[in-house]
Every structure is written in structure tokens, then in C-alpha cells.
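Listed below, chain by chain, are the residues.
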Amino acid sequence: MIVDSLHNAAKYYSLHPNFQKAFEYVNQTDIASLEAGTLEIAEGLKLIVIHGDGNTREESIKGFECHYKNIDIQISIQGPETFAWKPREKCVSPNGDYSDERDVRFFHDKPDMFFELQEKQFAILYPEDVHAAMIGEGFLKKLVFKVKIQ
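What counts, and where the lines are drawn
- Residues numbered from 1 in each chain as written.
- Predicted model: local features only at pLDDT ≥ 70, side-chain atom pairs only at ≥ 80, totals over all residues.
- Heavy atoms only, no water.
- Helix = DSSP H or I, 4+ residues; strand = E, 2+ residues; numbered from the N terminus.
- Polar contact = N/O pair within 3.5 Å; in protein donor to acceptor, adjacent residues only side chain to side chain.
- Contact = heavy atoms within 4.5 Å.
- Salt bridge = Lys/Arg side-chain N within 4 Å of Asp/Glu carboxyl O.
- Buried < 20%, exposed > 50% of the residue type's maximum accessible area, 1.4 Å probe, protein only.
- Phe/Tyr/Trp six-rings, centres within 6.5 Å; stacked < 30°, edge-to-face > 60°.
- Core = buried A, V, L, I, M, F, W, Y, C linked by side-chain atoms within 4.5 Å.

Asks: I'd like a rundown of the side chain of D4, residues and numbers included.
Replies: Along the chain, the position of D4 falls in strand β1 (residues 2-5). Engagement of the side chain of D4 in a polar contact is seen with the side chain of Y12, the distance being 2.6 Å. If we ignore the near neighbours within four places in the chain, the residues touching D4 are Y12, Q121 and F122.

Asks: Residue-level account of the pattern of salt bridges, with values.
Replies: Taken as a whole and assessed by the stated rule, the structure comprises five salt bridges. A salt bridge links K146 to D72; the nearest nitrogen and oxygen atoms lie 2.7 Å apart. Placement of K146 in strand β11 (residues 139-148) and of D72 in strand β5 (residues 70-78) is noted, with a sequence separation of 74 residues between them. The two residues K146 and D72 agree in class, both being buried.

Asks: Give a detailed account of the packing of aromatic side chains, specifying residues and quantitative values.
Replies: If you walk through the whole model with that rule in mind, you get six aromatic pairs. When the centroid spacing of 5.8 Å and the interplanar angle of 80° are considered together, the rings of Y12 and F122 count as edge-to-face. Taken as a pair, Y12 in the loop between β1 and α1 (17-28) and F122 in strand β9 (residues 121-125) lie far apart in primary sequence, 110 residues in all. Of the two residues, Y12 and F122, neither departs from the other in class, the shared state being buried. Ring plane angle 10° and centroid distance 4.2 Å describe the contact between Y68 and Y98, whose orientation is recorded as stacked. Placement of the pair is Y68 in the loop between β4 (65-66) and β5 and Y98 in the loop between β6 (81-87) and β7 (105-106), with a sequence separation of 30 residues. Accessibility expressed as a relative area gives 23% for Y98, which makes it partly exposed.

Asks: Go over unusual backbone geometry, please, and point to the residues and values.
Replies: Residue P80 is bonded to the preceding G79 through a cis peptide linkage, with omega at 10°. Checked against the element boundaries, P80 lands in the loop between β5 and β6. Even without glycine at this site, D103 takes up a positive phi of about 50°. In this structure, D103 sits in the loop between β6 and β7. For M134, which is not glycine, the phi torsion reads 60° and is therefore positive.

Asks: Report on the nonpolar core, specifying residues and quantitative values.
Replies: Counting residues in each nonpolar core, the largest one holds 24 residues, and the members touching the most others are F19, I73, I75, F122, I124, L143 and F145. The biggest single contributor to this core is α1, with five residues. The contacts of I124, once residues within four sequence positions are left out, are M1, I2, Y12, F19, I71, D72, I73 and D129. Counting eight residues, the second-largest nonpolar core is a separate cluster that includes C66, A84, C91 and I135.

Here it is in C-alpha cells:
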């Protein structure tokens, strides 16, 4: 997992060919005005814009998840937003089977930690990062880039 601010995003371009495309999209777009929904940005790069009220920690960790085929870049537009996190290697209590169609696996495990993203900060979550998001009070707005692993 990586947590940083959009100001430093260029440092991570070399980690995946689509990271640069994702962050350049953010720099060239009025992200505050994006409507909720899903956009195809490039081959292997999808953007999900999420708006909604924050959840409690207990509500959010019901969706404690990881992905096998995609890396998430989650960017806070309006927050702050809290995340739950635990390394997948320490998760021992799956909540159902992996869904290949949705690229998601859920867990009953409790998080090892919580961290907070302020506006214009991001988290890069790899397949080994089990996470739950949308924890917070009031209205939250965020971007989630799904970066296909090559």
C-alpha cells in the first residue's frame, strides 16, 4: 500500500504503465464536478466516481475486501475518508468465495489499522491489501481507478 498526496503522484508513474494515465486524467479534469458513475479511461484503466454519505467503521468493514486482477488508486475529493487495512497474508476468515466477475474477495477478519485520507490524497491498494473504505461522517466524494494488472 502507498499513501501520498496528488502533489507527489509523478513519483509513482514507473510502478505501472497506467498509473501515469490515471494521474494525468486527474490533473486534466475538473474532478470536483465529476458525476457518480463509471468511465473507461484507457485499456486496462477504469474510473469509478463515488458520491455518498460516509459509514461507520462497523458498517464499512462488512465490505472488507481485496482484488486479484486490479490495483486500486483511491483518491479523496471531498472528505476526509477513513480506510481500514490489513495484509491479505494475515486474513484467515474469508466471507464467501472470490468473484472472478467482480474481482473481489471479502473477509470477516478485523483490520490491523485505520488511516485517513484528506482531500487530494490517495492510496494505492495492491491485491495483497485488504481494505474497507467510505468510513467517515457526512458526504464523501472519491475517485477509484481500477488498474488492470498486466
